[in-house]
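# Structural characterization, general
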Amino acid sequence: MKRLCSVLLLIVMIISVGVMPRENATADTQREQMTQEKNNIEKREDDALYKYNTLLKCWAYDGVVSDTNAAFPAFYGGAYIDEEKNLVIQVTSLDEGIKKYFSDLIDINNVRFENVKYSYSELLEEHSRIKKVLYKEKKNNLEKLVVGVGLKLVANSVRVYLDCDNNMLENKDFVRKMEEILDVSDRIIFEAEEKITPVDALYPGDSIHYRSVGFWAVDNNGDYGIVTAPHHTIYSGSSVYVGGTCFGNAATAYPEGNCDAVFVKCNNSNFLPTRYVPTAGFYLSSTDTIYVCERTMVYKRGNTTGYTYGMVDDVCCATPKVNDAVRAFLYVESGDSGGIVAAGGNSYYRYANGLIFGSSTNTVCYYSKVQNVLSTLGVSLY
């Protein structure tokens, strides 16, 4: 019996030794497949964004690239990225001539065309008209509910963000009154949204500089520093501290307008510039920025919530504070203002895309476009 048990034990050991490597090999193969799939998805999205930015460069006025102020073709309706990471180009009409127009500018492999009713220029014109309500003195209580104006290109529409709940939007009488006040067309949709508040709420006793570093930059004098969101609490000449140590002094602050940003010149040699984004594990490009389109994945890092990622929801959002912002589904909390938002590239190398300035809920983030930040501050990426 003992001999039989010994034989059986030996057989089990031999089988175990033979099986374990195969199990490990299977797990390794699965991990490799998952990594390869992730890399392929990132590559497709990066390729789509490259094509989108190439189009913007072709349409630029005097070499100034913009996603809202350009010589857009009359038949162009907008663009977004679909679930398969194809670039979807919307057009008001589609024929071989229009396909050839785009194929002469970009590779249209993995590009999908979609027929829409309104051109991008028409949407921007309507957006501009509604935006005036946002900034004018509001005497009507219903006008005060307008907290933002943006675009929903997937729906080929301008969207108006209202400080209300979904139950109010289901009230036909309320919607009718809002439509009368705004003199809306069928290209406008309403969306419930809470009021946008600064991401870092500064209470008595808080450190005034408890916000987030955006990215390192260089001013016209060749001086290094960081860019962050000043709100209305960092002024020109303000001393800015990091953990009780003076980092440097703020240049002219721009808390509203095209962006919420300020350049803080570094006067302390103990702080060294870097492009590495901890936890996220990628480096920022030192030469290029990127424009995103609707449904692009973006990656952010802030002082409070650290590294998270999410999806772009609106690339042309006007708020009471910043008139050309991006709205994204990103997790943010108090203290994340000024944090970096990046996009494109891959897991090791991405492009600066924006600077966080506010949120309406913890899962809805608003950020300034990095192109507006750089041009307003007169700085360049480090």
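Up top is the structure these notes are about.
Residues numbered from 1 in each chain as written. Predicted model: local features only at pLDDT ≥ 70, side-chain atom pairs only at ≥ 80, totals over all residues. Heavy atoms only, no water.

Looking now at the pattern of salt bridges. Scanning the model with the defined rule gives 22 salt bridges in all. In this structure, D313 and R327 form a salt bridge, with 2.4 Å as the shortest nitrogen-oxygen distance. You can see D313 sitting in strand β16 (residues 306–317) and its partner R327 sitting in strand β17 (residues 325–329), a full 14 residues away along the chain. Take R327: its relative accessible area is 3%, and that puts it in the buried class. (Salt bridge = Lys/Arg side-chain N within 4 Å of Asp/Glu carboxyl O. Helix = DSSP H or I, 4+ residues; strand = E, 2+ residues; numbered from the N terminus. Buried < 20%, exposed > 50% of the residue type's maximum accessible area, 1.4 Å probe, protein only.)

A contiguous nonpolar patch, built from Y276, Y283, Y348 and Y349 and spanning about 470 Å² of accessible area, is present on the exposed surface. Y283 gets classed as partly exposed once you look at its relative accessible area, which sits at 43%. (Patch = residues over 30% accessible without salt bridge, like charges linked within 9 Å, V, L, I, M, F, W, Y side chains within 5 Å. Areas by Shrake-Rupley, 256 points an atom, 1.4 Å probe, with all protein chains shown as cover.)

Another point: the environment of V322. Secondary-structure assignment places V322 in the loop between β16 and β17. On the basis of relative accessibility, which here comes to 0%, the residue V322 falls in the buried class. It is 11 Å that separates the C-alpha atoms of V322 and V149, two residues lying 173 residues apart in sequence. Those residues in contact with V322 that lie beyond four places of it in its chain are Y135, G257, N258, C259, D260, C317, F357 and S368. (Contact = heavy atoms within 4.5 Å.)

As a further point, take the sheet that holds strand β2 (residues 87–91). Read from one edge to the other, the open sheet built from three strands follows the order β1-β2-β3, with strand pairing classed as mixed. A strand with exactly one partner marks an edge of an open sheet, and here the two such strands are β1 (76–81) and β3 (111–115). Pairwise comparison of adjacent strand axes, ignoring direction, gives a mean angle of 25° for this sheet. Sheet analysis places β1 next to β2, joined by five bridges and oriented antiparallel. Counted as the bridge partner of A79 is I89 from β2. (Pairing = 2+ DSSP bridges. Axes fitted to C-alpha atoms, helices over the stretch in contact; angles between N-to-C directions.)

Let's shift gears to the sheet that holds strand β9 (residues 224–228). Pairing in this open sheet of six strands is antiparallel, and the strands run β10-β11-β12-β9-β8-β21 from one edge to the other. Looking at the sheet topology across the chains shown, the edges are occupied by β10 (239–242) and β21 (380–381). Alignment of β9 against strand β12 (residues 261–266), held across four bridges, turns out to be antiparallel. Directly across from G225, in β12, lies its bridge partner K265. Where helix α6 (residues 370–377) meets the sheet, its contacts fall on β8 (215–218), β9, β11 (245–254), β12 and β21, and the angle it forms with β12 comes to roughly 60°.

Attention now moves to the nonpolar core. Judged by nonpolar contacts, the single largest core of 61 residues is most densely connected at Y76, I89, F102, V146, V298 and Y367. Looking at which element gives the most residues to this core, the answer is helix α3 (residues 120–135), with six residues. If we skip the residues at most four places from it in the chain, Y76 touches Y52, W59, I89, Q90, F102, S119 and Y120. Of all hydrophobic cores here, the second largest spans 22 residues; its members include A217, V227, V370 and L377. (Core = buried A, V, L, I, M, F, W, Y, C linked by side-chain atoms within 4.5 Å.)

What follows concerns the packing of aromatic side chains. Under the definition given, this model contains 18 aromatic pairs. Ring centres of W59 and Y76 lie 4.7 Å apart, and the angle between their planes is 55°; this geometry places the pair in the tilted category. One end of the pair, W59, is in the loop between α1 (2–58) and β1; the other, Y76, is in strand β1, and 17 residues separate them in sequence. With respect to burial, W59 and Y76 carry one shared label: buried. Seen in terms of ring centroids, Y349 and Y351 are 6.0 Å apart; in terms of plane orientation they differ by 80°. Their pairing is edge-to-face. Assessed through its relative accessible area of 36%, Y349 is described here as partly exposed. The rings of W59, F72, Y76 and Y120 are connected pair by pair, giving a single aromatic cluster. Lying over the aromatic face of Y382, R275 brings its terminal NZ or CZ to 4.2 Å of the ring centre. (Phe/Tyr/Trp six-rings, centres within 6.5 Å; stacked < 30°, edge-to-face > 60°. Lys NZ or Arg CZ within 6 Å of the ring centre and 35° of its normal.)

Turning to α6, a few remarks are in order. Burial runs high along α6: six of the eight residues are buried. Among the residues of α6, those classed as buried are V370, Q371, N372, V373, L374 and L377. G378 lies just past α6 and shows a positive phi near 70°.

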